[in-house]
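Single-letter residue listing:
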Amino acid sequence: MIYKRFTSGDISSCTYILGCPETKQAVMIDPGYTKEEADVFLEEENLTLLYIVNTHGHADHIHNNRYFKERYQAQILVGTADAPCLTDPVRNLSRYLGYELESPPADRMLREGETVSAGTLTLQVMETPGHTPGSITLKAGDSVFVGDLVFNGSVGRTDLPGGDTEQLLDTLRRRILPLPDGTRIYSGHGFYTTTIGEQKKVNPYFRELMEENHE
């Protein structure tokens, strides 16, 4: 699998590009504030961008949807419940951040169990609500791209509109903790890649849920 992470902006938003080495078809996850760097990588690797997948509908994860869709004629994919966020500056929080962002609407809305494929690359869609109602995680082999669900030592905010602490904890309990310890976690912010096993040691939310399971 061809892989590249770009981290940009004041809040270190992550954009990921995943590609098939055989067909050179690619998927972009969360085109936040990255633009030119991704263009250079796509060109250097001779990649054809098929899909833009938003793990959720917040502005810092959809900021450059329009740019990449128009430049590469890529389709925009997002979890069903977060689809309205793309075109609504209130729902996507851009107005809260001081500007007005309207992404093109989704070309396809994703549900649990569906897949996104580019050549031999297959991403499995997991519905993982809590940070937002329509948050999704994309699983590729032993890696998960979780958006703002999990960070190193913490979890995503639930104090923003649509956030739900109990729902997020339930998602962690049912969908994330059961994954093998060696599963790599790629978050929506920061420079750090972690694993399920590491988070079981350092993340207080993981540890609390694990203690519940032993009661």
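Just so you know, these numbers come straight off a predicted model, no measurement behind them.

Chemist: Mind showing me how you'd approach the environment of Ile 52 here?
Modeler: Take Ile 52: it is sitting in strand β4 (residues 48–54). Residue classification places Ile 52 among the buried residues on the basis of a relative accessible area of 0%. For the pair Ile 52 and Ala 74, spaced 22 residues apart in the sequence, the C-alpha separation amounts to 6.4 Å. Those residues within four positions of Ile 52 in sequence are excluded, and the remaining contacts are Met 28, Pro 31, Asn 65, Phe 68, Lys 69, Ala 74, Gln 75, Ile 76 and Leu 77.

Chemist: I keep staring at the sheet that holds strand β13 (residues 184–187) and nothing clicks. Help me out?
Modeler: Note: strands within a sheet are paired through backbone hydrogen bonds, in either parallel or antiparallel orientation. Reading across the sheet, the six strands line up as β7-β8-β9-β10-β13-β14 and stay open at both edges, with mixed pairing between neighbours. Of all the strands in the sheet, just β7 (115–118) and β14 (194–195) have a single pairing partner and so form its edges.

Chemist: For this particular structure, what's the right way to read the sheet that holds strand β1 (residues 2–8)?
Modeler: Taken together, six strands build an open sheet; the order of strands is β1-β2-β3-β4-β5-β6 and the sheet is mixed. Because the sheet does not close on itself, it has two edges, and the strands there are β1 and β6 (108–110). Between one strand axis and the next, the sheet turns through 20 degrees on average, direction left out of account. Bridge analysis of strand β5 (residues 75–79) against β6 gives three bridges, and the strand direction is parallel.

Chemist: What should I look at first to understand the nonpolar core in this one?
Modeler: A general trend in soluble globular proteins is that nonpolar side chains are found buried together. If you look at the biggest cluster of nonpolar residues, it comprises 20 residues, and the most contacted ones within it are Ile 17, Leu 47 and Leu 49. If you list the elements that add at least two residues to this core, you get β1, β3 (25–29), α1 (36–44), β4, α2 (59–62) and β5. Filtering out sequence-adjacent residues up to four positions away, Leu 49 remains in contact with Ala 26, Val 27, Met 28, Leu 42, Phe 68, Tyr 72 and Ala 74. In terms of nonpolar packing, the next biggest core, distinct from the first, is built from 19 residues, Val 27, Leu 121, Leu 123 and Tyr 186 among them.

Chemist: How do you make sense of the pairing of strand β9 (residues 136–140) when you look at a structure like this?
Modeler: The two faces of a sheet get side chains in turn, since along a regular strand they alternate between them. Most of β9 sits out of view: five of its five residues are buried. Covered by surrounding structure in β9 are Ile 136, Leu 138 and Ala 140 together with Thr 137 and Lys 139, the residues of both alternating faces. Judged from the four bridges that link them, strand β8 (residues 121–127) and β9 form a sheet pairing that is antiparallel. Paired with Glu 127 across the strands is Ile 136, a residue of β9. For β9 and strand β10 (residues 143–147), the ladder comprises three bridges, and the chain directions are antiparallel. Bridge assignment links Leu 138 to a residue of β10, and that residue is Phe 145.

Chemist: So what exactly am I meant to see when it comes to helix α5 (residues 165–176) here?
Modeler: Along an α-helix, residues three or four apart share an orientation, since each turn contains 3.6 residues. For α5, spanning 12 residues, the distance from its first C-alpha to its last is 15 Å, which sits close to the expected 16 Å at 1.5 Å a residue. Those residues of α5 not exposed but buried are Leu 168, Leu 169, Thr 171, Leu 172, Arg 175 and Ile 176. Looking down the long axis of α5, one finds its buried residues gathered within 160 degrees of arc, a one-sided arrangement. At the N-terminal end of α5, a side-chain oxygen is found 3.1 Å from the backbone nitrogen of Glu 166, two or three residues along, and the residue is Asp 164.

What counts, and where the lines are drawn
Residues numbered from 1 in each chain as written. Predicted model: local features only at pLDDT ≥ 70, side-chain atom pairs only at ≥ 80, totals over all residues. Heavy atoms only, no water. Helix = DSSP H or I, 4+ residues; strand = E, 2+ residues; numbered from the N terminus. Buried < 20%, exposed > 50% of the residue type's maximum accessible area, 1.4 Å probe, protein only. Contact = heavy atoms within 4.5 Å. Pairing = 2+ DSSP bridges. Axes fitted to C-alpha atoms, helices over the stretch in contact; angles between N-to-C directions. Core = buried A, V, L, I, M, F, W, Y, C linked by side-chain atoms within 4.5 Å. Expected span 1.5 Å × (residues − 1). Arc of directions from axis to C-beta. Polar contact = N/O pair within 3.5 Å; in protein donor to acceptor, adjacent residues only side chain to side chain.

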